Amino acid sequence: MNGTTLRARRLLGWGPAFVSTGTEEDVGQDIAFADGDIALVSGMDALTQDLRLALCTGLGTDPLNQAFGSDAFAAMFEESDPMMLRERIRVAVIRVLQSDARIRRIVEVSIDGESRPFAGPSGAGSAAERTTALSVVAVFETVLGEYATIAIEGLPNA
């Protein structure tokens, strides 16, 4: 490894690589293997993987770290106004980015797509009755002074 790669690994981290479990309905991740060993990621790949994992994990659902995750999924279930839903998701993304010491500053967080929270006769709906198809794009600067973009396409139906 050269000096730049080592510095990125030291400042942005490293860890096991994860791969999607592969089904459209399941947003789960599993450990990746390469040549019979656990595959690793480091530097910018580690940072973006960690952020993607945090953004796709419900806040407080990790029993070993209750502060880990994003409040975006709670917003999908609780918010009935489409504009407020987008803003709550934007705030949830910003909180995840701000909580990571490897990020120097957030440049932009944009939410695109269709958001139509279900409102049944009593004003409450089940997960199967709601439709939310949103894409989140966040641009940020790392502690190395490099800019990065993370995109979460088509948040799962909630």
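Please read these numbers as outputs of a predicted model, since none were measured by experiment.

The rules behind these values
- Residues numbered from 1 in each chain as written.
- Predicted model: local features only at pLDDT ≥ 70, side-chain atom pairs only at ≥ 80, totals over all residues.
- Heavy atoms only, no water.
- Helix = DSSP H or I, 4+ residues; strand = E, 2+ residues; numbered from the N terminus.
- Buried < 20%, exposed > 50% of the residue type's maximum accessible area, 1.4 Å probe, protein only.
- Contact = heavy atoms within 4.5 Å.
- Areas by Shrake-Rupley, 256 points an atom, 1.4 Å probe, with all protein chains shown as cover.
- Patch = residues over 30% accessible without salt bridge, like charges linked within 9 Å, V, L, I, M, F, W, Y side chains within 5 Å.
- Salt bridge = Lys/Arg side-chain N within 4 Å of Asp/Glu carboxyl O.
- Core = buried A, V, L, I, M, F, W, Y, C linked by side-chain atoms within 4.5 Å.
- Polar contact = N/O pair within 3.5 Å; in protein donor to acceptor, adjacent residues only side chain to side chain.
- Expected span 1.5 Å × (residues − 1).
- 1 Å grid on protein atoms, 1.4 Å probe; cavity = no way out; pocket = protein on both sides within 12 Å on 5 of 7 lines; lining within 4 Å.
- Points joined across faces, edges and corners; volume = space filled by probe spheres on them.
- Nonpolar A, V, L, I, M, F, W, Y, C, P; charged D, E, K, R; others polar.

Visitor: Please clarify how the overall build of the protein chain should be interpreted in this entry.
Guide: Scanning the protein chain for helices and strands turns up four helices and nine strands. Ordered by position in the sequence, the α and β elements of the protein chain form the string α-β-β-β-β-β-β-α-α-α-β-β-β. The buried share among the 158 residues of the protein chain stands at 36%. Long-range contacts, defined here as pairs at least 24 residues apart, represent 52% of the contacts in the protein chain between residues at least 6 apart. Taken as a whole, the protein chain presents about 9200 Å² of accessible surface, with 53% of it coming from carbon and sulfur.

Visitor: Help me out: how do you make sense of a nonpolar patch on the surface in this one?
Guide: Judged by side-chain polarity, Trp14, Ile31, Phe33, Ile38 and Leu40 come together as a nonpolar surface patch covering roughly 550 Å² of accessible area. Within the element layout of this structure, isoleucine 31 appears in strand β3 (residues 29-31).

Visitor: I keep staring at the environment of leucine 40 and nothing clicks. Help me out?
Guide: Tracing the sequence through the fold places leucine 40 in strand β6 (residues 40-42). Leucine 40 sits in the exposed class, given a relative accessible area of 52%. Spatially, the C-alpha atom of leucine 40 lies 8.6 Å from that of phenylalanine 18, the residues being 22 residues apart in sequence. If we skip the residues at most four places from it in the chain, leucine 40 touches Trp14, Gly15, Pro16 and Ala17.

Visitor: I'm lost on the nonpolar core in this one. Help?
Guide: In globular proteins that are soluble, nonpolar side chains generally tend to be buried together. By size, the foremost hydrophobic cluster in this structure holds 27 residues, and its most contacted members are Leu51, Ile89, Val93, Leu97 and Phe140. Going through the elements one at a time, α1 (3-12), α2 (44-55), α3 (72-78), α4 (82-98), β7 (103-116), β8 (131-142) and β9 (147-152) are the ones with two or more residues in this core. At six residues, the largest contribution of residues to this core is made by α4.

Visitor: When you look at the side chain of glutamine 49 in this model, what are you seeing that I'm missing?
Guide: Relative to the helices and strands, glutamine 49 resides in helix α2. Overall, the relative accessible area of 15% leaves glutamine 49 in the buried class. Within the structure, the side chain of glutamine 49 is placed 2.8 Å from the backbone oxygen of proline 16, a separation counted as a polar contact. Polar side-chain contacts of glutamine 49 include one of 2.9 Å to the backbone nitrogen of phenylalanine 18. With sequence-adjacent residues up to four places away left out, glutamine 49 is seen in contact with Pro16, Ala17, Phe18 and Val41.

Visitor: What should I look at first to understand α2 in this one?
Guide: Residues lying three or four places apart along an α-helix face the same way, a consequence of the helix completing one turn every 3.6 residues. Over its 12 residues, α2 runs 16 Å from end to end, which matches the ideal 16 Å to within 8%, given 1.5 Å per residue. Regarding α2, the residues found buried are Ala46, Leu47, Thr48, Gln49, Leu51, Ala54 and Leu55.

Visitor: Honestly, the layout of surface pockets in this entry has me stumped. Any pointers?
Guide: Over the atoms rolls a probe the size of a water molecule, and its path tells where empty space is left. By volume, the second largest pocket amounts to about 210 Å³. Lining the second largest pocket are 16 residues, with Ala67, Phe68, Gly69, Val96 and Ser99 sitting closest to its centre. Of all elements in the fold, only α2 and α4 reach the threshold of two or more residues within the lining of the second largest pocket. Across the lining of the second largest pocket, the residue classes break down as seven nonpolar, four polar and five charged.

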